[in-house]
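A closer look at the structure
One-letter residues, chain by chain:
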Amino acid sequence: MKALLALAIAATAASAPSRWTPELVSTDQYESSPSFAPDGRTMIFMRANPQFSAYRLMQSNCGASGWSEAAPLAIAAPLPTSEADPFITADGRQLWFVSNRPFPGKRGDDLDIWVADSDGRGGWSAPRRLPEPINSAQSELLPRRLPDGRLFFGSDRPGGLGGNDVYVATPQADGGWRVANLGAPLNTPSNDYEVELARDGSQAVVVSDREGRSHLYHFARSGNGWRPLGRVPARVDVFQVGPLLSPKSDRLLFAQADGKRSGELFVIDLQAGADPSWPPACPGSRP
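Throughout what follows, the structure given in this document is the object of discussion.

Sheets are built from strands paired through backbone hydrogen bonds, the pairs being either parallel or antiparallel. Here four strands make up an open sheet; going across it, the order is β7-β8-β9-β10 and the pairing antiparallel. Because the sheet does not close on itself, it has two edges, and the strands there are β7 (83-88) and β10 (128-129). Inspection of the sheet shows strand β8 (residues 94-99) paired to strand β9 (residues 112-117) by six bridges, in the antiparallel sense. When the sheet's bridge partners are listed, Ser99 is paired in β9 with Asp112.

Quick look at the structure:
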């Protein structure tokens, strides 16, 4: 059994993770959950304190000398509001993220899913909060909107298989949403916090503590269900978060601790012959 498990884990990647964080983006804080504009010249990510207890949205732009030093996103709420998990849709028209910013009737400090539309000038319109049943009285995490309109996210709302589970929200003809638990094997009695999907829905990467610490688990679509491909072979002594699949789903970008550098972005090939041009190269940049 152990031999079979080892083979499954090895099969989920074709390389070892390598640190990718651009030089001017890297700090003694925790950089995580990156997303790129379609042209590859803008990166939005979250930066957390080393305790991973306070975080905000940041932006770095690609210029002649490489990725720029990051600055707070223009539409980000001021501190002490926490905002995280940015995601730019494949067409570049929307930015999804989570925030605990206040709104009329809000109670508690949970994170909700918000979305902002592109203003057509390289910026974003004022964000709006998603309605129930997408948002709940508990926290929502890592929103991922696929080209087919479905929205995937994590939540610790009641009624799941364990503490946190991953869900899918499907838009309805009347403008509402139908939310469903993604079930096993993506969800377990443990905490399954985040889910990243291939653009065509054929692969998934789940952040889960099913082995005692939050790691990354790779799955392939199989009929109406999911086939486990094993744990992505990153460090076992630290947690991983914020997974992002490449457009071809052959590489994975994620965050994990890296000694004195705190949290850094790492990239790994998920299959042999993966396209090395992603994450987007920026002239003059040095990881």
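Let's pick the thread back up.
We now examine the state of the cysteines. Put plainly, a disulfide is one covalent bond tying together the sulfur atoms of two cysteines. Taken as a whole and judged by the stated rule, the model has one disulfide. For Cys62, the disulfide goes to Cys282, at an S-S distance of 2.1 Å. Between Cys62 and Cys282 the disulfide shows an S-S torsion of about 105°. By sign, it is right-handed. With Cys62 in strand β4 (residues 55-63) and Cys282 in the segment after β21 (263-269), the pair connects residues that are 220 residues apart, well separated along the chain. The exposure class assigned to Cys282 is buried, which follows from its relative accessible area of 6%.

Following the criterion strictly, the structure yields nine aromatic pairs and no others. Ring plane angle 5° and centroid distance 5.6 Å describe the contact between Tyr30 and Phe239, whose orientation is recorded as stacked. Here Tyr30, found in strand β2 (residues 30-36), pairs with Phe239, found in the loop between β18 (225-231) and β19 (240-245); they are 209 residues apart in sequence, far enough to count as distant. Here the aromatic rings of Phe52 and Phe239 are separated by 5.7 Å at their centres, their planes lie at 75°, and the arrangement is edge-to-face. Residue Phe52 is found in the loop between β3 (42-48) and β4, and its partner Phe239 is found in the loop between β18 and β19; the two are separated by 187 residues along the sequence. Since its relative accessible area comes to 29%, Phe239 is described here as partly exposed. Through successive ring pairs, a cluster of aromatic residues spans Trp20, Phe36, Trp67 and Trp278. Looking at Arg101, its charged tip hangs above the ring of Trp114, at a distance of 5.2 Å from the centre.

Quick notes on the rules
Residues numbered from 1 in each chain as written. Predicted model: local features only at pLDDT ≥ 70, side-chain atom pairs only at ≥ 80, totals over all residues. Heavy atoms only, no water. Pairing = 2+ DSSP bridges. Helix = DSSP H or I, 4+ residues; strand = E, 2+ residues; numbered from the N terminus. Disulfide = S-S within 2.5 Å. Buried < 20%, exposed > 50% of the residue type's maximum accessible area, 1.4 Å probe, protein only. Phe/Tyr/Trp six-rings, centres within 6.5 Å; stacked < 30°, edge-to-face > 60°. Lys NZ or Arg CZ within 6 Å of the ring centre and 35° of its normal.

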